[in-house]
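Given next are the chains, with one letter for each unit.
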Amino acid sequence: MKGPLEGIRVVDFSKFLPGPYCTWLLADLGAEVIRIEHPRELAKQAQVFGWDKLPEAERARIRAQDVFARGKRSLLIDPGADASRPVLEELVRRADVLVEDYRPGVLASMGYGYEPMAALNPRLVYASVTLCGQTGPYRDKPGHDPVALAVAGALSRIGEDPDAPGFAGVPAADLLTGSNAVIGILAALIARATTGRGQAVDIAMSDSAMALIGNVISRNPDLSKAPPRGRHRADIGIYRTADDRFLVTTDMEPRYWQRFCEAMGRPDYAPLQNDKAARPGIRAFLEAAFAEKPLAHWLALLAAADTQFAPVSSIEEALADPHNIARGMAITVESEGGPVRQIGSPIHLSDTPPVPPRAARIAGADNDAILKELGLQ
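Since we're looking at a predicted model, the values are computed, not measured.

A.B. asks: Teacher, can you tell me more about helix α8 (residues 172-195) here?
C.D. replies: If you check α8, its first and last C-alpha atoms are 34 Å apart, about what 24 residues at 1.5 Å a residue would give, namely 34 Å. Taken residue by residue, α8 has Ala173, Asp174, Thr177, Gly178, Ala181, Val182, Gly184, Ile185, Ala188, Leu189 and Arg192 as its buried positions. Positioned one or two residues after α8, Gly196 has a phi angle of 80°, which is positive.

A.B. asks: What should I look at first to understand the pattern of salt bridges in this one?
C.D. replies: Any two side chains of opposite charge can pair, given that their charged atoms come close. By the definition in use, this model includes 22 salt bridges. Between Asp244 and Arg240 there is a salt bridge, and its shortest N-O distance comes to 2.4 Å. Through salt bridges that share partners, Arg9, Glu32, Arg73 and Glu373 make up one connected network.

A.B. asks: Please clarify how the packing of helix α7 (residues 145-152) against α8 should be interpreted in this entry.
C.D. replies: For any two helices packed against each other, the geometry is given by the interaxial angle and the distance between the axes. Packing of α7 against α8 leaves a shortest axis separation of 7 Å and a crossing angle of 85°. Considering their axes alone, α7 and α8 lie roughly perpendicular with respect to each other. Counted together, Asp145, Ala148 and Leu149 of α7 and Ala172, Ala173 and Asp174 of α8 form the full contact between these two elements. Looking at the contact of α7 with α8, its residues break down into 4 nonpolar, no polar and 2 charged.

A.B. asks: Got a minute to help me understand the pairing of strand β1 (residues 9-12) in this structure?
C.D. replies: On a regular strand, one side chain projects to one face of the sheet and the next to the other, so that they alternate. The pairing of β1 with strand β2 (residues 32-37) spans 4 bridges and is classified as parallel. Paired with Val10 across the two strands is Val33, which belongs to β2. Of the pairings in the sheet, the one linking β1 to strand β4 (residues 97-100) comprises 3 bridges and is parallel in character. In the sheet register, Asp12 faces β4, and the bridge partner there is Val99.

A.B. asks: Can you help me understand the sheet that holds strand β8 (residues 246-250) in this one?
C.D. replies: The strands making up a sheet are joined through hydrogen bonds of the backbone, oriented either antiparallel or parallel. The antiparallel open sheet is built from 3 strands, whose spatial order is β7-β8-β9. At either margin of the open sheet sits one strand with a lone partner, and together these are β7 (236-240) and β9 (309-311). Each adjacent strand pair in this sheet contributes to an overall mean axis angle of 15°, direction not counted. The pairing of β8 with β9 spans 3 bridges and is antiparallel. The partner of Val248 across the bridge, within β9, is Ala310.

A.B. asks: Help me out: how do you make sense of the side chain of Asp96 in this one?
C.D. replies: Turning to its location among the elements, Asp96 is positioned in the loop between α4 (85-94) and β4. Side-chain polar atoms of Asp96 contact the side chain of Arg192, separated by 3.0 Å. Sequence-distant contacts of Asp96, defined by excluding residues within four places in its chain, comprise Gly7, Ile8, Arg9, Arg123, Leu124, Val125, Leu189 and Arg192.

Quick notes on the rules
Residues numbered from 1 in each chain as written. Predicted model: local features only at pLDDT ≥ 70, side-chain atom pairs only at ≥ 80, totals over all residues. Heavy atoms only, no water. Helix = DSSP H or I, 4+ residues; strand = E, 2+ residues; numbered from the N terminus. Expected span 1.5 Å × (residues − 1). Buried < 20%, exposed > 50% of the residue type's maximum accessible area, 1.4 Å probe, protein only. Salt bridge = Lys/Arg side-chain N within 4 Å of Asp/Glu carboxyl O. Axes fitted to C-alpha atoms, helices over the stretch in contact; angles between N-to-C directions. Parallel < 35°, antiparallel > 145°, perpendicular 65-115°, else oblique. Contact = heavy atoms within 4.5 Å. Nonpolar A, V, L, I, M, F, W, Y, C, P; charged D, E, K, R; others polar. Pairing = 2+ DSSP bridges. Polar contact = N/O pair within 3.5 Å; in protein donor to acceptor, adjacent residues only side chain to side chain.

Right, here's the structure in full:
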């Protein structure tokens, strides 16, 4: 099956989550992605995670399990070695897209920056994914997801503790950045159809994370009066049930709030939705009420009332959820070592759907085939 990006060739120098997430999406949509994998970096990673002590078959299975390596071809090569230059330059000549996530200037110092690569291939879309971008005072700042959230002002809004921010618990900036990189690449490819030339795509994690504060800026002309971090409403909450499970509710629209209040036996709370003075008492009642009965009771009650709710699923439960299975988001992928569980592509197209998933093989599995295609072996 051909995907919508059939015929697009991507050279992937990326290592950290935003870049591999970007190229995973491109590969799932049918692009040919060749992943440049540095032997020294792989050895360090194996040592950190203890994979170097595992049998080869187990390491291959771990590799197949890696969602973000899926659908990509692997070229095991040291990009800093002189002998690698003819291979990498020939790949770039034939590519439509290059994705890299080195610190600004590092790949350029190795001879693979935007200018020399664009000279090799003027149609090349060159996407750089970094913490704080290619320009600005923080250009050379090192860091990962929480640092990007902090620079963007988003970390100040995360967590329930009004006295201190908390970690998000999921790589929000990483994944936003990977998605923005895909958007930038596709926009540059569309522009190329008109201009005939590629261009540089500069995607920063700190820039991407600023989207997370857009609602605060939009709703608070005077930011000094914006509500502090934490939950302040009574019509949204996470509640512990009698069987030590959790349930989330989001009945912020008045009609849903009314249904919720009636279902909870407190219709008198409905007109108090925006009464700030009443909120602590309402929350206290709800916390006590939910703690009296098990999760199954509340799921049935709120479903009958048609309110906004969901059980807080574990990852295992999410992968077994019939909805996620029906949407093709909880899938099983065959690999050389047996079936592995993964997530599906979040992009659903009616006429050109994503290509069938193909589990990653060990690093360097495609070296011979790639070198032969390039006429270098």
